[in-house]
Structure formats: structure tokens, C-alpha cells
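# Structure at a glance
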Amino acid sequence: MSFLKLDNVSKSFGAVKALKNVSFEAEAGSFVVLLGPSGCGKSTLLRLITGLTEDHEGEIWINDRRVTDLDPKDRRVAMVFQSYALYPHLTVAKNISFGMEINRVARADRDRRVLEAARALQLEDLLHRYPSQLSGGQRQRVAIGRCLVREPDLFLFDEPLSNLDAKLRHDTRVELKHLHQRLKATTVYVTHDQHEAMTLASKVVLLKDGEIVQIASPTELYAHPVNRFAATFIGSPQINLVKGDLSAEGWFNGGGLHVELPRSVFADVPKPGRVELGLRSEDADITNSNKHMTLKVDYVEPTGSDLFVNGIAAGQEIVVRVDRTTVVGPGDEVPIRWDLNAALVFDASSGARL
Amino acid sequence: MSRRHRMTPLKALSLAFQYLTLVVISIIVLLPLWSLIVSSLKAPREYLDTNRIVPPQNWFNMSNYLEAIYPEQANGITIGGAFLNTGIILVCSLVLLILFGSMAAFTINRFKFRGRLLILGAYAALVAVPGILTPVSTFQVLKLLSLTNSKWALVVLYSGADIVSLLIFIQFLRGISTEIDDSARIEGANYFQIFFRLILPMLTPAIATVVILRTVGIYNDFVLPYIYVPQPQEATVSMMLWNMAGYQSGTTQAVLLAAIVLVILPTVIGFFFLQRFIYAGITSGSVKG
């Protein structure tokens, strides 16, 4: 039996359906990321798991207990909020022990657990400081420490990195990853940042408009998105979409491309019709031998490790990622060859992957 | 460097004008206070013979103050008793006011319920009722409660939260993320624990502002004590001064002035200690605390 189980969970706010029949399961020790654009219902879903938002349809199970009707405090969950929600008038130690004080845990026990958590999170020297005297990363550790001492079944994170600057965001993400590897606590993490999702998750639940689009591991999600939305949401720079026609023999024609697609890219036999061909920027080479298209370079973005070459091919915007030593500049016309085995084909109207 | 700081005649003139204005305004504000202090230190004869702003012959003549504190013929009011009454009224009504006001604000700000805006509207509408219209009915109510002629009548009247205090609290609560409440709820706190252990301590700046605003109002109030509590034993400081100034009292002017100085003293001292909060209170709300 899985550790966390959501069964047909739906939630409406008035006439607005925020979540529609959401079901997924997570194994003990897994790191589940709820990913989606803002307004997709991912935070609502998290609040339903905590019990902070009530009145929903469907059932929620945590650690073999049906928690659907339980109060937040009885669900054995702990949450790290976007703002960290530290109590500004209490010291770090008091912040961590607040829940235990409320629940009348004996003082000696309380102090011991605070110290244990502080040791695990390297907060020992900060126990007598106030939240305003801490850095963003330290605040997050306190928020996590507050969760740890409660020994919850489930850790929940609501966009905890979104208030941090880029450098700190990276550091705290690494810290989170380390922490999860060490503690093996089952975690549900909400974010709209695909990069966070890819780097942290053992399983990604991709949401759109209150519905699950795809549940998959990060690598699976990247390589085999179920539809155009999933393909465009994951990956930076965004996947290239070339509009064109597909023949029954598997030939794609459009956007300056006339290529025969390998059978392996289709789940079934190719269905002729209007399609969009998804090509990841890194699946391109600049080469004159057997080129597929010619790209007129608009601008080049050096990222350090690679060059993102942006340009137009047959009226469509295309970006390719090439080696940083490549010599290319605006106005150049460069020959492109794609690795078609990695191509994704989507139905032009429904967006579903063929 | 020296060029930049060189004073042009125009700049000097403008600076002189600024200082002149400040000096004039300061004199206007401080002169009555000066007059009060110097006069309160003068002997009875000297008080009559000299004008009001001449310094006293003896800066350490405390006889007026002693007379104010230990009057020869007490009308049932001593200055100590008046301070005690005012103090009791202040402390009791402020505690109740803060409790009622912050709780009402918490409920209005954090819970969505029917009639929420109606309650807020009712508070606001009260401001529109002229105070002069209500004493008769208020008196009836207090009489029904057997509270007339007692300082507890004033405690009851002052402890109702007014719209200004309520809005100050609501404004501060808006700046406190509801994630704090959510976090505490997950940790097992009920609404009372959330309010008393987290929200109330976090409202300290708002409480300071309300305390300052209301203290000034209550401490200086004359009308309500005059109407509801004319009893000398229950007199507040303002009532005591009024009694001393009355033609029936044998108090001399200089003694009255000494008493006034004594009454002003706590406010002045209080202001020096609390001015940090007063400035903070004025700018609060716009900037998150």
C-alpha cells in the first residue's frame, strides 16, 4: 500500500472548479513534486492534504489512515510555508518547540527534541536568535526544524524557494536534497518552477487547470511528455514546435523540414494530418552533412556551458543549443541537423502526443 | 569640497528664516508652559506682584507644591487620590479596550462570515453620532447598572473599542501573514492559542499606538467624569483641577498652577519615553512592521 493516496479528489470554490478528480499515490520516502503554472490548483491540493482547506470530494489516505475528515493537527503532517511563517516574536528554539508546548509535551522531552533537530540542521548556534536575525536559508532550516520535531508522517512544502534570490535558491535546494536523502521523509513539494521540480523530485505530478496532466519521474517527463503542454512546460529553452503535415508513411513536411520520422517516435502507426513536431534544442547539430534545415540566426545567448542560437527557419522561431566553442553570429545562415529519434509528434488540434 | 559648502547670501537668508520660524513657533508653544512653571514656584505675594513670565526669586520654593499635595482643607479630594483614580481607570479601560478591540479586529480580519462588513459599518456609523446626543440615554443605562457616581462607569465607557483603534488593529493584522495562523493550526493550536500566543504579541506596535492615542484622550477627558462621576472621592485628575479652580475652593492660583504642573508631568515624561512608538504608530500600516 502506498504511503500517501489521493482518490478522486475534487474541490470547488463557488462555481470555480479548482481541482477535478485528482488521484495519485506516493510511496514511503518518495519526493513528490506538484508542478504546474500558477492557478493550476497545486497549492489548493496541498492545503487539502493538510486539512487547512475543507469540504472536498474524494478521499485522502496518509500512512494507511483515512484522514479525509480529520483536523489539520490530527493528520500528522508538517508544512513549510512560502513565507516560512516563523513566529517573529519567538526565538528559534521557541519557534521549534511551539507546537510541542501547545501539545503539552514535557519540558525535558521538548528541549531534547529541539536540540536534536538543531543538531541535524546545524542550527545549534542560532537557537537564541530571532527570525529577523536569520538569513533566508537559515529561516528555511528553522521552518524545517519545526516540522522535524513533530515527527510527522508527511512533509509538505509550499513553494519554499520562491522568496529567495538565485544563488540562495540553489543552495537551499541542494540543502533540501541532502536533507531528503538523509531523512528519507515522504515529501510533497509544490512549485511552479520546472527546474526545482526536475532536480528535487522522485516523482512529478504535472497539473493544469485543476487536472493531472501526467505523473512521471523527471527524466520520463522530459523524454516522454504525454502532450504538448507537458512538453512545453518542461525544458529550458522551451521545446521547438514546428507546424506541418504528417503522411501515413511517417513523413513530416513543414517549417522548412521534409523528413521521414523513425517509427520509434510514434506510439502507434502514424496518423496522417496536421501535427506539430517537437524538437528539443539540444537535439540539434550544426553540420553540412545531410542538413535538415537552414537557420537564419537572429541572436545568440551564451550561457557559459552552451550557446543558445535563436533564429528563424521557414518563418518559424527555432532555438538550438550548441557547443560553446561554435563560432556563430547574428545574420549567419547555419545548417541544422536534428536527431529525429528524440522527436515528439503532437496532434495539432488536441495537443496529444501521437 | 569647500566650494560645495560655501554659503551664498540667499542660502544664508533662507536658513536664517527657517530658524527664525522655528524659534517663534517654539516660543509660542513653550511660553505657556514656562509661565506655568515659574508661577507655580512663586510665593503668594510675589505671584501677585510680578508678571507671569518673570522667573521666581527662589527656584526651589516648593510650598505651592506641598500645599497642592497636602491641602490644608481637603474637599475630600487629594491629588494622590485623583492620580490613583485616573490610574485605575486608565489601566482597566485600556486592558479591556485592547482585548475587545484586537479580538474584534482578529475576527473581522481572519474569518469570513455574514454581516462582517455590517459590524465594521456599525462601528464607523457611531462616529457620525454627535457625542452631545447620547449622555441622557447613556446615563439611564449606567443608572440601571448602578454604576453612576463610580469610576467604574468611566471604565465601562472608555473600554469600548472605537473605530480608530479597530482600524489600527485590522491594518496591522493585514500585515501578518495568514500562513502564521495556518502553521499554528497544523501544529495543533486552537484559535484562542493562535490569538493569545501569536497574534496578540505580534500586535505590540499596534497596541502601543492605541494605548498612546487613548491614554491622551482618557487622561485629559473632562466631560465624561463631569457628567457621570461628580463624586469628589472618585474624582479624576481633570475633575480635581476643576474642583480646585472652583470659587468655593480656597486654593490660591499659584497652588492650582502647581497642581497643573504635577498633572502635566506624567504626560510629558511619558511622551519622552514613548515618542519612538508615537512616530512608529503614525507611519504604521503603510509600512509593514
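Residues numbered from 1 in each chain as written. Chains lettered and ligands numbered in written order. Predicted model: local features only at pLDDT ≥ 70, side-chain atom pairs only at ≥ 80, totals over all residues.

## Digging into the overall build of chain A
- Secondary structure summary: chain A contains 8 helices and 20 strands in total.
- Projecting the C-alpha coordinates of chain A onto the three principal axes gives extents of approximately 75 × 45 × 35 Å.
- Taking all 354 residues of chain A together, the buried fraction comes to 40%.
- Within chain A, contacts between residues at least 6 apart in sequence are counted, and of these 65% link residues at least 24 apart. (Helix = DSSP H or I, 4+ residues; strand = E, 2+ residues; numbered from the N terminus. Buried ≥ 20, exposed ≤ 12 C-beta atoms within 10 Å, placed from the backbone. Contact = placed C-beta atoms within 7 Å.)

## Points about the overall build of chain B
- Scanning chain B from N- to C-terminus turns up 15 helices and 0 strands.
- At 25 Å, chain B has a C-alpha radius of gyration far larger than the 19 Å of a compact globule built from 289 residues.
- The buried share of chain B, taken over its 289 residues, is 26%. (Rg over C-alpha atoms; globule rule 2.2 N^0.38 Å.)

## A few points about the environment of Gln194(A)
Residues and elements named next belong to chain A.
- Residue placement: Gln194 occurs in helix α6 (residues 194-200).
- Accessibility expressed as a C-beta count within 10 Å gives 20 for Gln194, which makes it buried.
- Residue contacts for Gln194: discarding those within four places in its chain leaves Leu35, Phe233 and Ile234.

## Structural notes on the pairing of strand β8 (residues 187-191) of chain A
Residue and element names in this part refer to chain A.
- A large share of β8 lies buried, amounting to 5 of its 5 residues.
- Relative to β8, strand β3 (residues 31-35) is paired through 5 bridges, and the arrangement is parallel. For Val33, the partnering residue across the bridge sits in β8 and is Tyr189.
- Traced from strand β7 (residues 154-158) through helix α5 (residues 166-183) to β8, the parallel crossover comes out right-handed. (Pairing = 2+ DSSP bridges. Right-handed = clockwise from strand over helix to strand, strands pointing away.)

## As for unusual backbone geometry
Residues and elements named next belong to chain A.
- The residue after Ser236, namely Pro237, is reached through a cis peptide bond having omega 0°.
- Considering the arrangement of structural elements, one finds Pro237 in the loop between α8 (228-233) and β11 (240-246).
- Phi at Glu151 is positive, roughly 45°, even though this residue is not glycine.
- Note that Glu151 resides in the loop between α4 (136-148) and β7.

## Structural notes on the sheet that holds strand β14 (residues 273-279) of chain A
Residues and elements named next belong to chain A.
- Pairing is antiparallel in the open sheet, where 5 strands are placed in the order β13-β12-β11-β14-β20. Unpaired on one side and paired on the other, β13 (257-260) and β20 (344-347) mark the two borders of the sheet. Averaged over all adjacent pairs, the angle separating strand axes in this sheet is 35°, with direction ignored.
- Pairing analysis gives 7 bridges linking β11 to β14, with the strands arranged antiparallel. Across the sheet, the residue bridging to Asn240 is Leu279, located in β14. (Axes fitted to C-alpha atoms, helices over the stretch in contact; angles between N-to-C directions.)

## Some words on the interface of chain A and chain B
- Listed as interface residues are 19 residues of chain A and, on the opposing side, 14 residues of chain B.
- Broken down by secondary-structure element, the contributors of at least two residues to the side of chain A that touches chain B are β6 (77-80) and α2 (92-102) of chain A.
- Tallied by class, the residues present in the side of chain A that touches chain B amount to 11 nonpolar, 6 polar and 2 charged. (Nonpolar A, V, L, I, M, F, W, Y, C, P; charged D, E, K, R; others polar.)

## Quick look at the packing of helix α5 (residues 79-110) of chain B against helix α9 (residues 163-174) of chain B
Residue and element names in this part refer to chain B.
- Between α5 and α9, whose axes approach to 9 Å, the crossing angle comes to 50°. Relative to α9, the element α5 is oriented oblique. When the axes of α5 and α9 are compared, the crossing they make is right-handed. Between α5 and α9, the contacting residues are Leu97, Gly101, Ser102, Ala104, Ala105, Phe106, Ile108 and Asn109 on the first element and Ser165, Leu166, Phe169, Ile170, Leu173 and Arg174 on the second. (Parallel < 35°, antiparallel > 145°, perpendicular 65-115°, else oblique. Left-handed = near helix turned anticlockwise from the far one by under 90°.)

## Observations regarding helix α2 (residues 9-40) of chain B
All names here are of chain B.
- End to end, α2 covers 45 Å across 32 residues, agreeing with the expected 46 Å (1.5 Å per residue, within 8%).
- The largest bend along α2 measures about 40° and falls at Leu30, with the proline Pro32 one to four residues further on.
- The element α2 is barely covered by neighbouring structure, given that only 2 of its 32 residues are classed as buried. (Expected span 1.5 Å × (residues − 1). Bend = angle between axes of the 7 residues up to and from the residue.)

## So, the nonpolar core
- If you look at the biggest cluster of nonpolar residues, it comprises 129 residues, and the most contacted ones within it are Val33(A), Leu34(A) and Leu156(A).
- Other than its neighbours up to four places away in sequence, Val33(A) contacts Tyr189(A), Thr191(A), Ala197(A), Leu200(A), Ala201(A), Val204(A) and Val205(A).
- Of all hydrophobic cores here, the second largest spans 17 residues; its members include Ala68(B), Ile79(B), Ala235(B) and Val263(B). (Core = buried A, V, L, I, M, F, W, Y, C linked by C-beta atoms within 7 Å.)

## Details of the sheet that holds β8(A)
Residues and elements named next belong to chain A.
- Strand order in the open sheet made by the 6 strands is β6-β7-β8-β3-β9-β10, with mixed pairing throughout. Edge strands, defined here as strands with exactly one partner in the open sheet, are β6 and β10 (211-216). Adjacent strand axes in the sheet meet at a mean angle of 20° when their direction is disregarded.
- In this structure, β7 lies alongside β8, joined through 4 bridges in parallel fashion. Among the inter-strand pairings, Asp158 is bridged to a residue of β8, identified as Val190.

## Notes on α5(B)
- In a regular helix each residue adds 1.5 Å, so 32 residues correspond to 46 Å; α5(B) covers 45 Å between its end C-alpha atoms and thus fits that length.
- Every buried residue belonging to α5(B) is among Ile79(B), Ala82(B), Asn85(B), Thr86(B), Ile89(B), Ser93(B), Leu97(B), Ile98(B), Gly101(B), Ser102(B), Ala105(B) and Phe106(B), and all of these are buried.

## Quick look at the confidence of the model for chain B
Residue and element names in this part refer to chain B.
- Of the residues in chain B, 91% have a pLDDT of 70 or more, and the chain-wide mean is 86.
- Taken element by element, chain B is modelled with least confidence in helix α1 (residues 2-5), mean pLDDT 58, and with most confidence in helix α11 (residues 191-202), mean pLDDT 94.
- Across residues 284-289 the pLDDT falls below 50, and counting only partners more than four positions away or on other chains, this stretch makes 10 contacts in the model.
- Here the complex is predicted with pTM 0.80, and the ipTM for its interfaces comes to 0.82. (pLDDT = per-residue confidence, 0-100.)

## As for the pairing of strand β17 (residues 306-313) of chain A
All names here are of chain A.
- Side chains Leu307, Val309, Gly311 and Ala313 project from β17 onto a buried face, and the interleaved Asp306, Phe308, Asn310 and Ile312 project onto a face without burial.
- Bridging between strand β16 (residues 293-302) and β17 involves 6 bridges; their strand directions are antiparallel. From the neighbouring strand, Val300 faces β17, where its bridge partner is Val309.
- Remark: 3 residues form the turn of the hairpin made by β16 and β17, two consecutive strands paired antiparallel; Gly304 in that turn has positive phi of roughly 105°.
- Here β17 folds back onto strand β18 (residues 316-323) in antiparallel fashion, the turn holding 2 residues, of which Ala314 has a positive phi close to 50°.

## Some remarks on the environment of Gly51(A)
Residues and elements named next belong to chain A.
- Looking at the element boundaries, Gly51 is found in the loop between α1 (42-50) and β4 (57-62).
- In sequence terms Gly51 and Thr219 are 168 residues apart; their C-alpha atoms lie 32 Å from each other.
- Sequence-distant contacts of Gly51, defined by excluding residues within four places in its chain, comprise Leu70, Asp71, Pro72 and Arg75.

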